[in-house]
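# Structure assessment
This is what each chain is made of:
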Amino acid sequence: MFHTENRRRFIERTQGALAVIAGYDQMQLSGDMPAPFLQESNFWWLSGIEQPGWKIIIDGARGRATLVRPALSNVQQTFEGDISDDQALAVSGAAAVITEAELERELQQLARTHTRVITTVNTVDGEFHGNPAQHANKTRLERIFVSVEPCNKELAELRAIKQPAELERIQKAITISIHAFAGVRDSWQGYKGEYEIEADFTREFRRKNANHAYAPIVAGGPRACTLHYGANEHKIRARDAVVIDIGARYRGYAADITRTYCRQPSRRTVEVHGAVAHAQRNIISLLRPDLLVQDYIRQVDDIMKDALGGLGLISSPTDTAGYRRYFPHAVSHGLGVDVHDSLGAPRYFKPGMVLTVEPGIYIPEQSIGVRIEDDILITASGAQNLSGRLSTDL
Ligand SMILES: [Mn+2]
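No experiment lies behind these values; they were computed from the predicted model shown. (Residues numbered from 1 in each chain as written. Predicted model: local features only at pLDDT ≥ 70, side-chain atom pairs only at ≥ 80, totals over all residues.)

### Let's talk about the packing of helix H10 (residues 267-286) against helix H11 (residues 293-310)
H11 packs onto H10 with a crossing angle of 165° between their chain directions and a minimal axis gap of 10 Å. Taken together, the axes of H10 and H11 lie roughly antiparallel to each other. Crossing of H10 against H11: the hand is right-handed. Between H10 and H11, the contacting residues are Ala275, Val276, His278, Ala279, Asn282, Ile283 and Leu286 on the first element and Tyr296, Gln299, Val300, Ile303, Met304, Ala307 and Gly310 on the second. Here the residues of the contact of H10 with H11 sort into ten nonpolar, four polar and no charged. (Axes fitted to C-alpha atoms, helices over the stretch in contact; angles between N-to-C directions. Helix = DSSP H or I, 4+ residues; strand = E, 2+ residues; numbered from the N terminus. Parallel < 35°, antiparallel > 145°, perpendicular 65-115°, else oblique. Left-handed = near helix turned anticlockwise from the far one by under 90°. Contact = placed C-beta atoms within 7 Å. Nonpolar A, V, L, I, M, F, W, Y, C, P; charged D, E, K, R; others polar.)

### With respect to unusual backbone geometry
Even without a glycine there, the phi angle at Asn232 is positive, about 50°. Accessibility expressed as a C-beta count within 10 Å gives 21 for Asn232, which makes it buried. One non-glycine residue with positive phi stands out, namely Arg251, at about 45°. Relative to the elements of secondary structure, Arg251 occurs in the loop between strand E14 (248-250) and strand E15 (253-254). Arg251 gets classed as partly exposed once you count the C-beta atoms within 10 Å, which come to 14. (Buried ≥ 20, exposed ≤ 12 C-beta atoms within 10 Å, placed from the backbone.)

### Quick notes on the nonpolar core
Ranked by size, the top nonpolar core spans 102 residues in total, and within it Ile56, Ala173, Val242 and Ile361 carry the most contacts. It is helix H8 (residues 164-186) that provides the largest number of residues to this core, a total of eight residues. Setting aside residues up to four positions removed in sequence, Ile56 forms contacts with Ile21, Phe43, Leu46, Ser47, Ala65, Leu67 and Ala94. (Core = buried A, V, L, I, M, F, W, Y, C linked by C-beta atoms within 7 Å.)

### A few points about the environment of Val370
Residue position: Val370 is located in strand E19 (residues 368-371). According to the C-beta neighbour criterion, Val370 is buried, with 26 such atoms within 10 Å. Leaving out residues up to four positions away in the same chain, Val370 has contacts with Ala241, Val243, Thr260, Val272, His273, Val276, Gly360 and Ile361.

### A short note on the packing of helix H1 (residues 2-13) against helix H7 (residues 152-160)
The interhelical angle for the contact between H1 and H7, taken along N-to-C directions, is 130°, at an axis separation of 10 Å. Comparing their axes, H7 and H1 come out oblique. For H1 against H7, the interelement crossing comes out right-handed. On the side of H1, the interface is formed by Arg9, Phe10 and Arg13, while H7 contributes Glu154, Leu155 and Leu158.

### Notes on the sheet that holds strand E11 (residues 211-212)
Strand order across the open sheet formed by three strands is E11-E14-E15, with antiparallel pairing between neighbours. Both outer strands of the open sheet, E11 and E15, are each paired with one neighbouring strand and no more. Bridge count between E11 and E14: two bridges; the pairing is antiparallel. Bridge pairing in E14 places His212 opposite Ala248. Here H8 sits on the sheet in contact with E14 and E15, set at roughly 140° to E14. (Pairing = 2+ DSSP bridges.)

### Topic: the sheet that holds strand E16 (residues 257-262)
What holds strands together in a sheet is hydrogen bonding between their backbones, with the strands either parallel or antiparallel. The strand order E12-E13-E16 describes an open sheet built from three strands, whose pairing is antiparallel. The open sheet has two edge strands with one neighbour each: strand E12 (217-220) and E16. Taking each pair of neighbouring strands and ignoring which way they run, the sheet shows an average axis angle of 15°. Across four bridges, E12 lies against strand E13 (residues 241-246) in antiparallel orientation.

### Re the domain arrangement of the protein chain
What the domain assignment reports for the protein chain is domain 1 (2-158) and domain 2 (164-385). The straight-line distance from the C-alpha centre of domain 1 to that of domain 2 is 34 Å. For the side of domain 1 that touches domain 2, the class distribution of residues is four nonpolar, one polar and two charged. (Domains from an automatic or database assignment.)

### Points about the pairing of strand E4 (residues 55-59)
The buried fraction of E4 is high, at four of five residues. Alignment of strand E1 (residues 18-22) against E4, held across five bridges, turns out to be antiparallel. Looking at E4, one finds that Ile21 is bridged to Ile56. What sits between the antiparallel neighbours E4 and strand E5 (residues 64-69) is a turn of four residues, in which Gly63 has the positive phi angle 65°.

### Thoughts on the environment of Ser147
When you line up the elements, Ser147 lands in strand E10 (residues 147-150). Taking the C-beta count within 10 Å as the criterion, Ser147 has 11 such neighbours and is therefore assigned exposed. Considering only alpha carbons, one finds Ser147 and Thr78, 69 residues apart in sequence, at a separation of 39 Å. Residue contacts for Ser147: discarding those within four places in its chain leaves Thr115 and Arg116.

### Remarks on the environment of Val146
Structurally, Val146 is set in the loop between helix H6 (133-144) and E10. When the C-alpha atoms of Val146 and Thr115 are compared, they prove to be 5.1 Å apart, with 31 residues separating the residues in sequence. Residues in contact with Val146, not counting those within four places in the same chain, are Thr115 and Arg116.

### Examining H7
Owing to its 3.6 residues per turn, the α-helix aligns residues three or four sequence positions apart on the same side. Regarding H7, the residues found buried are Glu154, Leu155, Leu158, Arg159 and Ala160. The secondary structure elements touched by the buried residues of H7 are H1 and helix H2 (41-47).

Okay, here's the thing in structure tokens:
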């Protein structure tokens with residue numbers, strides 16, 4: 001079973017440590033309006049539990065997992081619902097469920113035989129970020145155990161190498177996304193607004209029981225130069241190049257694909273698009289196992305500087321400011337449960353890693369932005385473009 005096997009690998013990697021991992025808590029937008037909920041990805045990977053407020057105790061020495069059910073008020077249960085113990089056990093493969101009220105005694109008991117516990121933290125440079133659940137869990141553990149250590153790096157390294165079951169889900173998310181892109185491309189001449197394009201993706205995803213893996217971007221003309229534009233509220237003109245950065249999430253795994261389409265491209269738009277497409281092909285062809293990440297980044301810089309030079313946007317490869325102005329983001333990130341899945345800061349690429357390749361060139365003064373993004377699996381002998389069946393044509 002998928003999550004049981006994930007825990008087995010986690011226990012092996014952490015040498016049988018005791019782990020107490022918290023899922024995210026439900027956050028509120030206003031009075032009685034809950035924020036959209038997405039489970040913390042490490043907790044989900046280890047447990048499969050999608051509901052807020054749950055925790056898992058993994059007793060590595062005994063190979064035993066216990067879920068902790070949150071204490072929900074009657075009102076919360078009525079409005080938000082919850083899963084039964086049987087459902088939680090079935091989804092997770094855990095051995096038992098205890099209640100939040102029983103957790104304190106359980107931890108006190110474990111502390112008699114364990115001085116050290118590992119957990120997940122969501123801090124960056126010591127600053128606490130986002131959902132409070134993990135921080136609260138860690139604070140509690142620090143009160144009870146002698147030593148509390150993070151296991152984020154171990155989890156990132158484990159999750160970076162995708163198992164066959166994970167690759168199947170990623171491929172399915174990609175196939176659903178590609179299908180939606182192809183449908184939008186077929187209807188391309190009929191769209192009047194960015195919102196119509198977003199709507200067609202949403203309809204296609206929901207019909208396949210998938211969701212958007214992240215806030216969809218449909219950015220026409222000058223809006224394409226705002227990297228996280230997501231209002232998708234403008235009309236599109238025939239001359240506008242439209243950056244569409246959209247991916248489905250299917251059974252917990254994300255796709256992340258970008259294409260740029262245009263009804264009546266100007267010669268400049270054709271040039272810029274051609275340069276990005278050419279660069280993207282060249283960058284993908286670099287990828288193979290054992291390639292040093294720092295060599296990859298250096299070669300990507302060379303390829304992108306060539307592309308910008310060819311378009312007359314920089315006059316010399318040493319023009320770093322110009323380079324960063326027209327290509328202001330990273331070219332790759334990991335992909336998996338998270339749309340930006342950690343690869344665990346590896347020195348070199350390894351078989352089983354999945355990452356995006358997404359060069360873009362953005363020229364605000366000409367109101368042109370072009371980005372092309374595919375999802376690449378590092379294989380034993382090279383790399384496979386998992387979204388390569390979808391044409392990158394303008
Ligand atoms: Mn991406």
